[in-house]
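Commentary on secondary and tertiary structure
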Amino acid sequence: MAMYEQALIDTAKALVAPGKGVLAADESTGTIKKRLDSINVESTEATRQAYRNLLFTTEGAEQFISGVILFEETLFQNADDGTSFARLLADKGVIPGIKVDKGAKPLAGSPEEKVTEGLDGLRDRLGEYREAGARFAKWRAVIDIADDRPSDYCIHVNAHALARYAALCQEAGIVPIVEPEVLMDGANSIERCEAVTDRVLDRVFDELKTQRVLLEGMLLKPNMVIAGKQCPQQAGVEEVADATLRCLRRRVPAAVPGIVFLSGGQSDEVATAHLDAMNKRGPQPWVLSFSYGRALQAPALAAWRGEPDNIPAAQQAYYKRARNNGAAAEGRYSPDMEDAA
Ligand code: 13P
């Protein structure tokens, strides 16, 4: 790590440069199939390439997008013009990243919970990814809320794996995005989400410290503190902003340069409004920005529908989400921006 210390710090800072955030376009083969199914497009290597090409060639998006997380297939794919996607992005000043986990699998002894796999062989894979141009990575742990979940066991093994991943990334000169996602699918209250997120972050930073991860050379990708989707009592934007900030301020050391939220199933405009509300509350110890998947891509996917003629409309839709989230990353968003062309 010592060899890469300054490079890690510089890359982490660049990913949360003012008014910029990360595009998560790292859907695994299974997840991208679901997205393409939703617009009646068959998922093939060619349609996945066409869709990613559309996103990454959107002119001007680089004003708001500092980095893109890629799935392994995409990192080794070429754009329509024959350059590798990694090169195309880097030439625009957008940092290529790579999802390195192998997915969340049933946890032995508590099979309703999950543990994320992918540590075996990771050191070698990181070398190949860096060679291909990746300068940051992502690993997602999934924590589900139910009456008797999450268990301490589930939180512990996921936090331990996140820290092992982060330490290996830093050794390879790759900035780890540490993503412990507390899901918003349940019927739980916002208070329960806050309590669980607090427990998870506490444990994650404990493991990061034990495993000697350089906090200045990583980013945290957390969920916002929010009521579960099935909860009849949904919190408003201001309440989500207050609860999320309270939780993060208690648990995330100021040495971490940035926090880039996942959208996790929030609608695109709500995800933007939440980020904006947090940034309107004034300076925090870390930069607060986005690393959205669905909330950046949903309108573009719907506009595209697999038709070449729809590419300009799809790119316009993606540009608008990137621009509005860029504004929210500085607390400059207003809902009128949704009407402006
Ligand atoms: P969502 O913003 O759609 O949750 O995706 C972000 C991500 O990368 C989840 O791992």
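Summary of the structure given here. Since we're looking at a predicted model, the values are computed, not measured.

Thoughts on the overall build of the chain
Within the chain, the secondary structure is distributed over twelve helices and ten strands. Against the compact-globule benchmark of 20 Å for 341 residues, the chain has a radius of gyration of 19 Å, which places it among compact chains. Considering only C-alpha atoms, the chain reaches an extent of 50 × 45 × 40 Å along its principal axes. Taken over 341 residues, the chain has a buried fraction of 56%. Of all intrachain contacts in the chain linking residues separated by at least 6 positions in sequence, the fraction that spans at least 24 positions is 79%. Surface exposure of the chain reaches about 14,100 Å², of which carbon and sulfur atoms provide 49%. Between the mean site of the 40 positive side-chain charges and the mean site of the 49 negative ones, the chain shows a separation of 2 Å.

Quick word on the pairing of strand β1 (residues 21-25)
Regular strands show a simple pattern: their side chains alternate between the two faces of the sheet. Counting buried residues in β1 gives five out of five residues, a clear majority hidden from the surface. One ladder, built from five bridges, connects β1 with strand β2 (residues 65-70); its direction is parallel. Counted as the bridge partner of A24 is I69 from β2. The pairing of β1 with strand β10 (residues 287-292) spans two bridges and is parallel. Paired with L23 across the two strands is Y292, which belongs to β10.

Observations regarding the nonpolar core
By size, the foremost hydrophobic cluster in this structure holds 100 residues, and its most contacted members are F56, I65 and Y165. Considering every element that reaches this core, the biggest residue donor is helix α7 (residues 152-171), with ten residues. In this structure Y165 touches V100, L119, L122, A137, K138, W139, P176, I177 and V178, once residues within four positions along its chain are discounted. Formed by 14 residues, the second largest nonpolar core is a distinct cluster that contains F136, I177, L219 and V260.

Describing the side chain of D276
Tracing the sequence through the fold places D276 in helix α10 (residues 268-280). Reaching out from D276, the side chain makes a polar contact with the backbone nitrogen of R332 at a distance of 3.3 Å. Each residue touching D276, except ones within four places of it in the same chain, is listed here: A327, A328, G331, R332 and Y333.

Side note on the site of the ligand
Neighbouring the ligand are 13 residues; K138, K221, S263, G264 and R294 lie closest to it. Within the side chain of S263, an N or O atom sits 2.4 Å from an oxygen atom of the ligand. At 2.7 Å, a side-chain N or O of R294 approaches an oxygen atom of the ligand. Taking 300 Å² as the accessible area of the ligand by itself, protein coverage stands at 92%. At the level of secondary structure, the elements contributing two or more residues to the shell around the ligand comprise β6 (136-143) and β10. In terms of residue class, the shell around the ligand is built from three nonpolar, four polar and six charged.

Basis of the calculations
Residues numbered from 1 in each chain as written. Predicted model: local features only at pLDDT ≥ 70, side-chain atom pairs only at ≥ 80, totals over all residues. Heavy atoms only, no water. Helix = DSSP H or I, 4+ residues; strand = E, 2+ residues; numbered from the N terminus. Rg over C-alpha atoms; globule rule 2.2 N^0.38 Å. Buried < 20%, exposed > 50% of the residue type's maximum accessible area, 1.4 Å probe, protein only. Contact = heavy atoms within 4.5 Å. Areas by Shrake-Rupley, 256 points an atom, 1.4 Å probe, with all protein chains shown as cover. Lys, Arg positive; Asp, Glu negative; His and termini not counted. Charge placed at Lys NZ, Arg CZ, Asp CG, Glu CD. Pairing = 2+ DSSP bridges. Core = buried A, V, L, I, M, F, W, Y, C linked by side-chain atoms within 4.5 Å. Polar contact = N/O pair within 3.5 Å; in protein donor to acceptor, adjacent residues only side chain to side chain. Near = heavy atom within 4 Å. Nonpolar A, V, L, I, M, F, W, Y, C, P; charged D, E, K, R; others polar.

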